[in-house]
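Observations on the three-dimensional arrangement
Below, each chain spelled out in residue letters.
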Amino acid sequence: MKMKKTFTLIFTLLTTILIAQNSNFEKFEKEYKNGNLDKAVTYLKKSIKNNEKHRVILYAWLGDVLAKQKKFKASADNYVKMLSHAEGSSEKDLGLVYFSIGSNYYFGQEYKKAIEYLEKALASGHKDSGIANNLAWSYSQIKQHKKAIQYFEMAYKEDPKYINNINNLGYAYYLNNELEKAEEYILKAKEIDENNSFVYRNLGLIALKRGNKTKACTLLQKAIDKGIVEKWGELYIRELNAYCK
């Protein structure tokens, strides 16, 4: 009788633990679906602690949610944890993961880590012009402008009709003080979409470097009229704003 009670108690405890474990992930899904991301993260972390699902899945979810919260460094860190549980995956399969890690480190201003993982994404064979673009932006942030041009050119060759690739390449030449090449590419971007606010911002910056204040400030106003502040914030026109005051 005592042994039967003991087995009953053990069974009850195990059942309770399993129900608790399953409910953490279920609660995460519910909170995530309802847009309660802080609560969702809390339940997801409990789910990880209890090993409710394969850790590749759990860390991938955590990385996704943290990215959605714009906690980019934490997101990248959790994708890295996911990698440590992805035994047997090929480099090509991991290319998208490397891309996600590198991109989140870039947005988290961890530029050297971003470069490390974006280089791995490129080497994996994963196809996305965003890899080269984010590599270029990372190199531009650490003032390696020739490297930035190299990767912006790669993105441009992969998709030469995509306006961001053209605009970005022009901007990289601007950063490297190659103003004629910069203007050439930015005007190409303007031919594709004359309503792109960054076209006018970039042309304004070129005019600034050439000392043409009237033109620079006219282009700044054009960029504002095209919605650069409304869509992206004042950060992107800070230099022109200071020049035109």
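Structure report, in brief. (Residues numbered from 1 in each chain as written. Predicted model: local features only at pLDDT ≥ 70, side-chain atom pairs only at ≥ 80, totals over all residues. Heavy atoms only, no water.)

Remarks on the overall build of the protein
- Of regular secondary structure, the protein possesses 14 helices and zero strands.
- Mapped from its N terminus to its C terminus, the protein presents α and β elements in the order α-α-α-α-α-α-α-α-α-α-α-α-α-α.
- Relative to its length of 245 residues, the protein is extended, with a C-alpha radius of gyration of 24 Å against a globular reference of 18 Å.
- Taken over the C-alpha atoms alone, the protein extends approximately 95 × 35 × 30 Å along its principal axes.
- Taking the intrachain contacts of the protein between residues at least 6 apart in sequence as the baseline, contacts between residues at least 24 apart amount to 49%.
- Here the protein displays about 14,400 Å² of accessible surface, and carbon together with sulfur accounts for 53% of that area.
- Placing the 40 positive and 28 negative side-chain charges of the protein at their respective mean positions leaves the two points 7 Å apart. (Helix = DSSP H or I, 4+ residues; strand = E, 2+ residues; numbered from the N terminus. Rg over C-alpha atoms; globule rule 2.2 N^0.38 Å. Contact = heavy atoms within 4.5 Å. Areas by Shrake-Rupley, 256 points an atom, 1.4 Å probe, with all protein chains shown as cover. Lys, Arg positive; Asp, Glu negative; His and termini not counted. Charge placed at Lys NZ, Arg CZ, Asp CG, Glu CD.)

Notes on the layout of surface pockets
- For the largest pocket, the calculated volume is near 1,300 Å³.
- Lining the largest pocket are 38 residues, and of these Tyr106, Trp137, Phe198, Arg201 and Tyr236 lie nearest its centre.
- Elements that contribute at least two residues to the lining of the largest pocket include exactly α5 (91-107), α7 (129-141), α9 (163-175), α11 (197-209), α13 (228-232) and α14 (238-244).
- Looking at the lining of the largest pocket, its residues break down into 16 nonpolar, 16 polar and six charged. (1 Å grid on protein atoms, 1.4 Å probe; cavity = no way out; pocket = protein on both sides within 12 Å on 5 of 7 lines; lining within 4 Å. Points joined across faces, edges and corners; volume = space filled by probe spheres on them. Nonpolar A, V, L, I, M, F, W, Y, C, P; charged D, E, K, R; others polar.)

Observations regarding the packing of α11 against helix α12 (residues 213-225)
- For the pair α11 and α12, the least separation of the axes is 8 Å and the interaxial angle reads 165°. With respect to each other, α11 and α12 are oriented roughly antiparallel. Considering the relative orientation of α11 and α12, their crossing is left-handed. Across the interface between the two elements, Ser197, Tyr200, Arg201, Leu203, Gly204, Ala207 and Leu208 from α11 touch Lys215, Ala216, Leu219, Lys222 and Ala223 from α12.
- Grouping the amino acids of the contact of α11 with α12 by side-chain chemistry returns seven nonpolar, two polar and three charged. (Axes fitted to C-alpha atoms, helices over the stretch in contact; angles between N-to-C directions. Parallel < 35°, antiparallel > 145°, perpendicular 65-115°, else oblique. Left-handed = near helix turned anticlockwise from the far one by under 90°.)

Re the nonpolar core
- Counting residues in each nonpolar core, the largest one holds 67 residues, and the members touching the most others are Leu83, Ile101, Leu135, Leu169, Tyr174 and Ile206.
- For Leu169, the residues in contact, after removing those within four places along its chain, are Ile149, Phe152, Glu153, Tyr156 and Tyr185. (Core = buried A, V, L, I, M, F, W, Y, C linked by side-chain atoms within 4.5 Å. Buried < 20%, exposed > 50% of the residue type's maximum accessible area, 1.4 Å probe, protein only.)

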